[in-house]
Amino acid sequence: MSSTDRIIGQPVSRVDGPLKVTGQARYAGEFKPGPLLYGSVVNSTIACGRILKIDTEAAERLPGVVLVLTHRNRPPMAAESEAYEDDDAADGGPFRPLYSDRILYSGQPIALVVAESLEMAEHAGSLIRVEYQRQPHQTDLMTELENAHPAPAELPENRGDAAGAFAAAAIRLELQYSTPVEHHNPMEPHASTVHYLPDGCLEVYDKTQGVQNCMRYLEQVLGLEGRIRVISPFVGGAFGSGLRPQYQLVLAAMAALQLQRSVRVTLKRQQMFTFGYRPRTVQRLRLGAAADGSLLSITHQAIGQTSRFEDFTEHEVEWSGMLYHCSNVSFDYRLVPLDVHTPLDMRAPGAAIGVYALECAMDELAYAAKIDPLELRLRNYAERNANEDKPWSSKALRECYQQGAERFGWATRPMAPRSMREDGKLTGWGMATGIWEAIQMPASATACLESSGRLIVQSATADIGTGTYTVMSQIAAETMAMRIDQVEFRLGDSALAQAPLSGGSATVSSVGSAVQQACMALRQKLLDRAQQSPASRFSGARLQDVAFLDAGLQLSERPETRVTYAELLSLGGSLEASASVEPGEQRNAFATATHSAVFAEVKVDEALGTLQVTRIVSAIAAGRVINPQTATNQIVGGVVWGVGMALQEETRIDHHLGRYMNHNLAEYHIPVQADIGKIEAFFVEERDEIVNDLGSKGVGEIGIVGVAAAIANAVFHATGKRVRDLPITLDKLL
Ligand code: MOS
């Protein structure tokens, strides 16, 4: 086997790893394209009202301060009603920083101070005095549940008669779960460095999951058609927080336009709590089942919070209609507008919380029916996606259950709660299922074989830490029969080939397919060139007659006909090909999803109420895995976040002030090394010839789905106590 065979499927280390560990990777707030000014954002201290007076004089008088931008002196911008729909927008009028004197939420940016140094800008910001006209605000979802309206979600049709079947069921459960506000908290805070070019164009270094989305957004909001280029080669974690253009981008661009100088705006950690987040929700599940545990009726209702200006909508309840076989299903999803910023997609948006509720309810059903929780799930296994009335393109969930259970040792689990003790601690085992859509979006890529023999492949996608640079290099190298070190993949530049937002676990399916097709088109160009000489041994050969091996081509089974890429390139210079790929029509007849089975072990100190997750096994079915190393990293990261979601994460708001109180990493708890036990994540074999030519479904989100439920179920098994309100902190457990 040569080194150019089978690069797909290998655990290739990140090709951008050396740049990252040597500090050469540049992030949005680190670029220095010539002399820079520094901006510091001032945020509102009230949640609702108007700015009556904003006194910026003292700030402006300071030497080194060049501009204080407020709603009074900002450059023109599109009205909220002229909503440019950024690719991840919610229904409604998007937030526009410094648009008017109205205060829509606590922490809203109300001024940008621009100075020769960041320290000067921050100090000047502290001198700004604001007089507000306060209006009453409401930030508590729980007291406003009555004011919910239907979410503008495309819910599946209700089917059967959920209420009737529930009333007639032998086992009836009515359960309520609640989840808190969570913030993304990536390591890298949001930042934009705007390079003002002499011709009035802006070159923008931004922290984003979608450079072209940010480009179009700035063009349209600030009226700068054709004058924007957005660059983002590295992203220090995003998890959804970089899907929508954030306010520092608009502020930095406005300041640069006004001053005709280059400006950087970096948000501080506390300001990372002043835009999108995972919404607080209340979910009500009604499960009706026969005595043997067969599901007869499912009703899933969710109520989530949103802002006054947009209806943030995610996929919360539909999972309950597709994960198990059930003929009577009813969905309901409502929103409550509050004086807060609009929520934002966060890893497995909707599924992380919707499946949490469903999978806890399934565990409660297992106990009501006195059936092992895993057996209950097998008994209700869905062979089709009944929401769409379609078969699955592939579904190796049974294999996840079986192999996960085996690795975990589930078979020896006693059913009764409080029946296991280890090291003097109550020990519990719980499990849950996970599911996420396998999405594909239109994308393009260009592949160029340079005269030097290097293959440069590019698309305007992002690597948000997921491994995009690496997996795209693998796909290109294998398709072109080259070594991975002969390939360079470029991304994160709006001038490159069209790519969607890097989100929804769709980057490999979308951009990877385009990379593969661009390379296939390049193969044809190589063959064309090989056929150019009249005496060519390739005369009349078609692509399928040709074998590509070790950066060369030959007629199949005829090594004496071999010609290298280098030889062909020397005949006429570099070769380039592009491809644009849409989801294939063969997908239409199928439902596509990734699945997982998660098993968790917890240990609880009964006297103290302290709780440790000692072990997690996560078995994943995600089609073909391009790189088991980066893919496993994704799953392990998702599992760690699931532990945080189950036990720690919660952004607490003081409803009197309408303001987040623990807006820092000291008080917003996320798991640290000591909180994490053994994590075993693995992929089961799943072949899928429908989703795309790569057979790959994406792994960004699935890792977190089901984890919090598996832990909550393990806590019940350990203690006999159901905590239905996340996070499960010791005060709730004691
Ligand atoms: Mo993911 S929440 O689509 O970045």
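Going by the structure above, here's the rest.
Worth saying up front: this structure is predicted, and the values here are computed from it rather than measured.

(A) Focus on the overall build of the protein. Helices and strands together make up the secondary structure of the protein, namely 15 helices and 33 strands. For 734 residues, the compact-globule estimate of 2.2 N^0.38 gives 27 Å, and the protein sits close to it at 27 Å. Seen along its three principal axes, the alpha-carbon backbone of the protein occupies a region of about 80 × 75 × 50 Å. In the protein, which comprises 734 residues, the proportion classed as buried is 63%. Pairs at least 24 residues apart make up 80% of the contacts formed inside the protein by residues separated by at least 6 positions. In the structure as shown, the protein presents an accessible area of about 27,200 Å², 49% of it carried by carbon and sulfur atoms. If the 67 positive side-chain charges of the protein are averaged to one point and the 86 negative ones to another, these points end up 3 Å apart.

(B) Seen up close, the layout of surface pockets. Roughly 510 Å³ of volume is contained in the second largest pocket. Looking at the second largest pocket, it is lined by 23 residues, and the ones nearest its centre are Val42, Asn43, Ser44, Thr45 and Gln270. Put simply, the parts of the chain that give the lining of the second largest pocket at least two residues each are strand 1 (37-43), helix 3 (118-126), strand 7 (129-134) and strand 32 (659-660). Per-element accounting of the lining of the second largest pocket gives the leading share, 4 residues, to strand 1.

(C) Looking closely at empty space enclosed by the protein. Evaluated as defined, the whole model comprises 5 cavities of 30 Å³ or more. Put simply, the largest cavity is a space of about 160 Å³. Considering the residues around the largest cavity, the lining is formed by 16 residues, among which Phe95, Arg244, Pro245, Gln246 and His341 are closest to the centre. Looking at side-chain class alone, the lining of the largest cavity contains 9 nonpolar, 4 polar and 3 charged residues.

(D) Structural view of the sheet that holds strand 1. The strand order across the open sheet built from 7 strands is 3-6-1-13-10-11-12, with neighbouring strands paired in mixed fashion. The strands lining the two open edges of the sheet, one partner per strand, are strand 3 (65-69) and strand 12 (228-231). When strand polarity is set aside, the average angle formed by the axes of neighbouring strands in this sheet is 20 degrees. Bridge count between strand 1 and strand 6 (residues 109-115): 6 bridges; the pairing is antiparallel. Paired with Tyr38 across the bridge in strand 6 is Ala115.

(E) The side chain of Glu316, seen in detail. Tracing the backbone through its elements, the reader meets Glu316 in the loop between strand 16 (310-311) and strand 17 (329-338). The buried charged residue Glu316 lacks any salt bridge, with Arg278 as its nearest oppositely charged partner at 7.9 Å. Look past the residues within four positions of Glu316 in its chain and what remains in contact with it is Pro279, Thr281, His300, Ala302, Tyr333, Gly350, Ile353 and Gly354.

(F) Expanded view of the sheet that holds strand 26 (residues 552-555). If you trace the 3 strands from one edge of the open sheet to the other, you get 25-26-27, paired in antiparallel fashion. Across the chains shown, the open sheet's two edge strands, defined by having one partner strand only, are strand 25 (546-549) and strand 27 (558-564). Ignoring which end each strand starts from, the neighbouring axes of this sheet average 30 degrees apart. The sheet contact formed by strand 26 and strand 27 spans 3 bridges and is antiparallel. Bridge pairing in strand 27 links Gly552 to Thr564.

(G) Region of the structure containing the packing of helix 11 (residues 507-530) against helix 12 (residues 565-572). Two elements in contact, helix 11 and helix 12, have axes whose closest approach is 10 Å; the angle formed by their N-to-C orientations is 65 degrees. In terms of axis orientation, helix 11 runs roughly perpendicular to helix 12. Helix 12 is crossed by helix 11, and the crossing has left-handed handedness. Across the interface between the two elements, Leu526, Arg529 and Ala530 from helix 11 touch Tyr565, Leu568, Leu569, Leu571 and Gly572 from helix 12. A breakdown of the residues in the contact of helix 11 with helix 12 according to their chemical character gives 6 nonpolar, 1 polar and 1 charged.

Reading guide: rules and limits
Residues numbered from 1 in each chain as written. Predicted model: local features only at pLDDT ≥ 70, side-chain atom pairs only at ≥ 80, totals over all residues. Heavy atoms only, no water. Helix = DSSP H or I, 4+ residues; strand = E, 2+ residues; numbered from the N terminus. Rg over C-alpha atoms; globule rule 2.2 N^0.38 Å. Buried < 20%, exposed > 50% of the residue type's maximum accessible area, 1.4 Å probe, protein only. Contact = heavy atoms within 4.5 Å. Areas by Shrake-Rupley, 256 points an atom, 1.4 Å probe, with all protein chains shown as cover. Lys, Arg positive; Asp, Glu negative; His and termini not counted. Charge placed at Lys NZ, Arg CZ, Asp CG, Glu CD. 1 Å grid on protein atoms, 1.4 Å probe; cavity = no way out; pocket = protein on both sides within 12 Å on 5 of 7 lines; lining within 4 Å. Points joined across faces, edges and corners; volume = space filled by probe spheres on them. Nonpolar A, V, L, I, M, F, W, Y, C, P; charged D, E, K, R; others polar. Pairing = 2+ DSSP bridges. Axes fitted to C-alpha atoms, helices over the stretch in contact; angles between N-to-C directions. Salt bridge = Lys/Arg side-chain N within 4 Å of Asp/Glu carboxyl O. Parallel < 35°, antiparallel > 145°, perpendicular 65-115°, else oblique. Left-handed = near helix turned anticlockwise from the far one by under 90°.

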